[in-house]
Amino acid sequence: MVLELHVWGPAFTLPSIEAQCLATIAYFSLVVPRDAWVLVASSDPTVSPTNELPALKHGTTWVSRFRNIVDYLRQYSNGEWDLDDGLNGLEKADNIAFSSFVESRGQSLVDLSLYVTSQNYYNTTSPAYGAILQWPNQWILPPKLHTAAKARTEHLGLSSLDLQAIEEQRQRDHSAAVAAGQVPPTFIRRPRDTVSSLLGKTAQQNQFKLEALTAEFFEPLEEILGAKTYLLAGYAASSLDCLALGYLALALVPDLPHSWLRDAMRAKAPRLTEYTEQMRRRCYGTPGTSEPELPWRPSERPHLAAVGATLWNTLADAIPIWKDVRTSNRLREAAESSDSGLSNTESKALSVYATGQKKDVLMSIVAVAGGIAALVAYMVHEGVFTWVEGEDEEEEKENEGKEKYEKYKAEEISPDSYNAGDFLSSLKV
């Protein structure tokens, strides 16, 4: 049975726009026979039960995330498709440690470069997603990914790269000043800043932070690589090489308006830059060739039910309380999933936490509803609200009586109400 690898679609001349997907594609291209797998640019996390990409489908089994997919391939092939099989004990320990390092540091830098830096996101990253996504995901998913990347990097203190946030804050400050009468309403704001001008003004501090972050990522990898062909064992690639390629390729290859990450990589790690280019050609093929190097299979067009489900989920996640309940459910399902990567103790603890969080939300709803009901009952008791239904009925009856009386009087004095007999009777009298 052919393995199906579902990933985010291609961008920047790379086979995927996401680092974990690039890493998984590289692993497959190095270890799995070409006729044993297909690559599907579904670009839709909902195809996987865990709502994550990359996702491997094998029959009815789904496995998501790079490390889990690598473990599944090892078990499925009885160790035949295992790039780490030749590593000794120390190298395997280094593999785990360096992989964690690459994922944590590399993800932050990719987030800052492709998503948080406004010029790069709006001019390059967002249009790239628009090219690989279908309606309505092309309008829904990029803002979500943008927001998630900003949340992941908030602790780094480099929000000044996000010019939209700066402009929104400036507008809020301006509106508050106008409302307080501190400046006239016709105040003209200064032109919008660019990343370069920001880094020139605040920015020695920000520049120092970027220099430190890039140095902390590239320089250790440059030292680990040394004069070897690969990061760990010089004679063969490992899963660490595939994982590093996913993040390094997104740092080096995209042609961005503000290419501070690529410039830092070339300046700080020239050997690592050359290594990334070589691994890219080996795993993904040469860009621009007429014959594809990877076993692509066209993705299926979304059915009406899938489109409806996407719209429904988006609407549900926009409702505050309902959103919290759904988030708790997803957290519990992820914790109880077989490919969560958590131990039994961790899985149970996270599941209990998610269940408790959901109960807290529901209890809050009950408390608010009970408070509103008690308030309404109190106001009725105090006479703030009164029932006037009986008075309305009496008023209607009184109006009907008046109408009948007026009609009777009109008929009594109307000439049409007298006939000839009435006239002769009146003469006899």
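See the structure printed just above.
As the structure is a prediction and not an experimental result, all values here were calculated from the model.

## Examining the sheet that holds strand S5 (residues 296-297)
Here comes step 1: The five strands lie next to each other as S4-S3-S1-S2-S5, forming an open sheet whose pairing is mixed. Each edge of the sheet is formed by a strand with only one pairing partner; in this case those strands are strand S4 (61-64) and S5.
Here comes step 2: Relative to strand S2 (residues 37-40), strand S1 (residues 3-6) runs parallel, the two being bridged by four bridges. Bridge pairing links Leu5 to Leu39 in S2.

## A short note on helix H4 (residues 118-132)
Here comes step 1: Between its first and last C-alpha atoms H4 spans 20 Å; for 15 residues at 1.5 Å apiece the expected length is 21 Å, and the two agree.
Here comes step 2: A bend of about 30° at Thr125 is the largest found in H4, and the proline Pro127 appears one to four places after it.
Here comes step 3: Residues Ser118, Asn120, Tyr121, Thr124, Thr125, Ala128, Tyr129 and Ile132 constitute the buried set of H4.

## Let's talk about the environment of Ser16
Here comes step 1: Counting through the fold element by element, Ser16 comes out in the loop between S1 and helix H1 (19-31).
Here comes step 2: For Ser16, a relative accessible area of 0% puts it in the buried group.
Here comes step 3: C-alpha separation for the pair Ser16 and Gly246, spaced 230 residues apart in sequence, amounts to 9.2 Å.
Here comes step 4: When near neighbours in sequence (up to four residues on either side) are disregarded, Ser16 contacts Trp8, Gly9, Pro10, Ala11, Cys21, Leu22, Ile25 and Leu250.
Here comes step 5: Reaching out from Ser16, the side chain makes a polar contact with the backbone oxygen of Trp8 at a distance of 2.8 Å.
Here comes step 6: A polar atom in the side chain of Ser16 sits 3.3 Å from the backbone nitrogen of Glu18.

## Focus on the nonpolar core
Here comes step 1: One finds Phe28, Leu73, Phe218, Leu248 and Leu272 to be the most contacted residues of the largest nonpolar core, which totals 88 residues.
Here comes step 2: At eleven residues, the largest contribution of residues to this core is made by helix H9 (residues 239-252).
Here comes step 3: Setting aside residues no more than four positions away along its own chain, Leu248 makes contact with Phe217, Phe218, Leu221, Met265, Leu272, Tyr275 and Thr276.

## Considerations on the pairing of S4
Two faces, one strand: in a regular strand the side chains alternate between the faces of the sheet.
Here comes step 1: Where strand S3 (residues 55-58) meets S4, four bridges bridge the pair, whose relative direction is antiparallel. If you follow Ala55 over to S4, its bridge partner there is Ser64.
Here comes step 2: Linking two consecutive strands that pair antiparallel, namely S3 and S4, is a turn of two residues; a positive phi of about 70° is found at Gly59 within it.

## Let's talk about the pattern of salt bridges
Opposite charge on two side chains permits them to pair, given that their charged atoms come into close proximity.
Here comes step 1: Within this structure, the stated rule accounts for nine salt bridges.
Here comes step 2: A salt bridge links Arg74 to Asp82; the nearest nitrogen and oxygen atoms lie 3.1 Å apart.
Here comes step 3: Residue class for Asp82 comes out buried when judged on its relative accessible area of 13%.
Here comes step 4: The partner of Arg152 in a salt bridge is Asp111, and the shortest N-O contact between them spans 2.8 Å. Here the residue Arg152 occupies a position in helix H5 (residues 137-153), and Asp111 occupies one in helix H3 (residues 89-116), the gap between them amounting to 41 residues.
Here comes step 5: Using a relative accessible area of 0% as the deciding quantity, one classes Asp111 as buried.

Procedures and definitions
- Residues numbered from 1 in each chain as written.
- Predicted model: local features only at pLDDT ≥ 70, side-chain atom pairs only at ≥ 80, totals over all residues.
- Heavy atoms only, no water.
- Pairing = 2+ DSSP bridges.
- Helix = DSSP H or I, 4+ residues; strand = E, 2+ residues; numbered from the N terminus.
- Expected span 1.5 Å × (residues − 1).
- Bend = angle between axes of the 7 residues up to and from the residue.
- Buried < 20%, exposed > 50% of the residue type's maximum accessible area, 1.4 Å probe, protein only.
- Contact = heavy atoms within 4.5 Å.
- Polar contact = N/O pair within 3.5 Å; in protein donor to acceptor, adjacent residues only side chain to side chain.
- Core = buried A, V, L, I, M, F, W, Y, C linked by side-chain atoms within 4.5 Å.
- Salt bridge = Lys/Arg side-chain N within 4 Å of Asp/Glu carboxyl O.

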